[in-house]
Amino acid sequence: MSVIQVHDKKFQPYIGATELQQRIREMAAEMSRDLKDERPLFIAILNGSFMFAGDLFKYLNIPAEISFIKLASYKGTKSTGNVVQAIGLDEDLFGRTVVIVEDIVDTGKTLSQFLPQLEHQQPKKLLVASLLTKPEAMVHPIKIDYLGFSVPNKFLLGYGLDYDGLGRNLPEIYQLVE
Ligand code: IMP
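Residues numbered from 1 in each chain as written. Predicted model: local features only at pLDDT ≥ 70, side-chain atom pairs only at ≥ 80, totals over all residues. Heavy atoms only, no water.

**Student:** Could you give me a rundown of the site of the ligand, with the residues and numbers involved?
**Tutor:** Near the ligand lie 14 residues; those nearest to it are Asp 103, Thr 107, Thr 110, Lys 134 and Leu 156. At a separation of 2.9 Å, an oxygen atom of the ligand approaches a polar backbone atom of Asp 106. The contact in question runs from an oxygen atom of the ligand to an N or O atom on the side chain of Lys 134, over 2.7 Å. The fraction of the free accessible surface of the ligand (500 Å²) that becomes covered by protein chains is 79%. If you list the elements that add at least two residues to the shell around the ligand, you get β6 (97–105) and α3 (109–119). Across the shell around the ligand, the residue classes break down as 5 nonpolar, 3 polar and 6 charged. (Near = heavy atom within 4 Å. Polar contact = N/O pair within 3.5 Å; in protein donor to acceptor, adjacent residues only side chain to side chain. Areas by Shrake-Rupley, 256 points an atom, 1.4 Å probe, with all protein chains shown as cover. Helix = DSSP H or I, 4+ residues; strand = E, 2+ residues; numbered from the N terminus. Nonpolar A, V, L, I, M, F, W, Y, C, P; charged D, E, K, R; others polar.)

Structure (structure tokens):
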């Protein structure tokens with residue numbers, strides 16, 4: 001692994017593919033233990049989480065369901081500001097154990113808007129699994145129940161994360177060279 005260029009920026013290797021897979025196996029093992037009798041419903045937020053969600057789900061060894069959604073952001077009223085809306089959420093969450101799967105919780109804005117909408121449906125449990133988080137960037141504190149890695153507040157690329165559309169296919173995670 002060496003420095004790569006995407007569009008106008010350079011990125012250096014940060015978390016290797018083996019380390020990523022090892023950590024995701026550990027997360028899946030922990031979730032398999034905790035949720036073995038719950039038949040959890042995993043809801044993966046596209047686009048960024050598709051690789052993490054796929055690997056995590058593959059390593060689970062309990063009965064579980066998965067669904068993929070997109071979040072669209074639109075301008076609400078003056079008092080509500082920007083509002084997020086889920087596209088493709090067909091499941092009834094009432095009484096279910098739900099695990100939201102995110103690639104990265106950065107400022108926490110997205111989930112701080114989205115989680116209360118899901119709470120309305122009265123799931124039995126609403127849990128959050130995120131591969132990454134940037135504690136220094138967190139503005140809206142989010143409780144992450146299953147976390148892969150805490151990372152510094154620098155732009156990351158790869159393993160689902162993109163820079164202007166590119167880089168999602170990289171099997172490891174890179175960090176912006178500043
Ligand atoms: P939040 O609402 O600020 O928590 O933003 C979360 C979303 O921002 C993530 O799901 C990513 O799509 C995107 N994002 C945040 N940090 C990065 C990064 O370092 N690289 C690529 N995308 C990021």
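**Student:** Pulling in residues and values, what's your account of the nonpolar core?
**Tutor:** Residues Met 31, Phe 52, Leu 56, Leu 131, Leu 132, Tyr 159 and Ile 173 are the most contacted members of the largest nonpolar core, which totals 30 residues. Elements with a minimum of two residues in this core: α1 (17–34), β3 (41–46), α2 (50–59), β6, β7 (125–133) and β8 (146–150). Those residues in contact with Leu 131, other than ones at most four positions away along the chain, are Leu 20, Ile 24, Phe 52, Glu 102, Asp 103, Leu 147, Gly 148, Phe 149, Tyr 159 and Ile 173. (Core = buried A, V, L, I, M, F, W, Y, C linked by side-chain atoms within 4.5 Å. Buried < 20%, exposed > 50% of the residue type's maximum accessible area, 1.4 Å probe, protein only. Contact = heavy atoms within 4.5 Å.)

**Student:** Outline α2, supporting the account with residue identities and numerical values.
**Tutor:** Those residues of α2 that fall on the buried side of the exposure criterion are Met 51, Phe 52, Ala 53, Asp 55, Leu 56 and Tyr 59. Residues of α2 that are buried in the fold lie against α1, β3, β4 (65–75), β6 and β7.

**Student:** Break down the packing of aromatic side chains for me, citing the residues and quoting the values.
**Tutor:** According to the stated counting rule, one finds 4 aromatic pairs in the structure shown. Seen from their ring centres, Phe 11 and Phe 155 are 6.4 Å apart, and the 55° between their planes marks the pair as tilted. Taken as a pair, Phe 11 in strand β2 (residues 9–15) and Phe 155 in the loop between β8 and β9 (156–157) lie far apart in primary sequence, 144 residues in all. The buried category is assigned to Phe 11, whose relative accessible area is 0%. With a relative accessible area of 35%, Phe 155 lands in the partly exposed category. When the ring of Phe 11 is compared with that of Tyr 163, the centres are 6.0 Å apart and the planes differ by 55°; the resulting orientation is tilted. Here the residue Phe 11 occupies a position in strand β2, and Tyr 163 occupies one in the loop between β9 and β10 (173–176), the gap between them amounting to 152 residues. One exposure class covers both Phe 11 and Tyr 163, and it is buried. (Phe/Tyr/Trp six-rings, centres within 6.5 Å; stacked < 30°, edge-to-face > 60°.)

**Student:** Break down the packing of α1 against α2 for me, with residues and values.
**Tutor:** For the pair α1 and α2, the least separation of the axes is 8 Å and the interaxial angle reads 55°. The orientation of α1 with respect to α2, classified from their angle, is oblique. Crossing handedness for the pair α1 and α2: right-handed. Of the residues in α2, those touching α1 at Gln 21, Ile 24, Arg 25, Met 27, Ala 28, Met 31 and Ser 32 are Phe 52, Asp 55, Leu 56 and Tyr 59. (Axes fitted to C-alpha atoms, helices over the stretch in contact; angles between N-to-C directions. Parallel < 35°, antiparallel > 145°, perpendicular 65-115°, else oblique. Left-handed = near helix turned anticlockwise from the far one by under 90°.)

**Student:** I'd like to hear about the environment of Asn 61, residue by residue, with values.
**Tutor:** Looking at the element boundaries, Asn 61 is found in the loop between α2 and β4. With a relative accessible area of 64%, Asn 61 lands in the exposed category. Sequence separation between Asn 61 and Glu 19 is 42 residues, and the spatial gap between their C-alpha atoms is 20 Å.

**Student:** Break down α1 for me, citing the residues and quoting the values.
**Tutor:** Three or four residues apart is the spacing at which side chains of an α-helix point the same way, because the helix has 3.6 residues per turn. Over its 18 residues, α1 runs 26 Å from end to end, which matches the ideal 26 Å to within 8%, given 1.5 Å per residue. Listed in full, the buried residues belonging to α1 are Leu 20, Gln 21, Ile 24, Met 27, Ala 28, Met 31 and Ser 32. Relative to the axis of α1, the buried residues are bounded by an arc of 135° and lie together on one face. Exposed residues on α1 whose side chains face more than 90 degrees from its buried face are Thr 18 and Arg 33. (Expected span 1.5 Å × (residues − 1). Arc of directions from axis to C-beta.)

**Student:** Run through the sheet that holds strand β5 (residues 82–87), naming residues and quoting values.
**Tutor:** Reading across the sheet, the 6 strands line up as β5-β4-β3-β6-β7-β8 and stay open at both edges, with mixed pairing between neighbours. Each having just a single partner strand, β5 and β8 make up the two edges of the open sheet. Sheet twist, expressed as the average angle between the axes of neighbouring strands with direction ignored, equals 25°. Across 6 bridges, the pairing between β3 and β4 is parallel. Paired with Leu 41 across the bridge in β4 is Glu 65. Lying on the sheet, α3 is in contact with β3, β4, β5, β6 and β7; it crosses β5 at an angle near 60°. (Pairing = 2+ DSSP bridges.)

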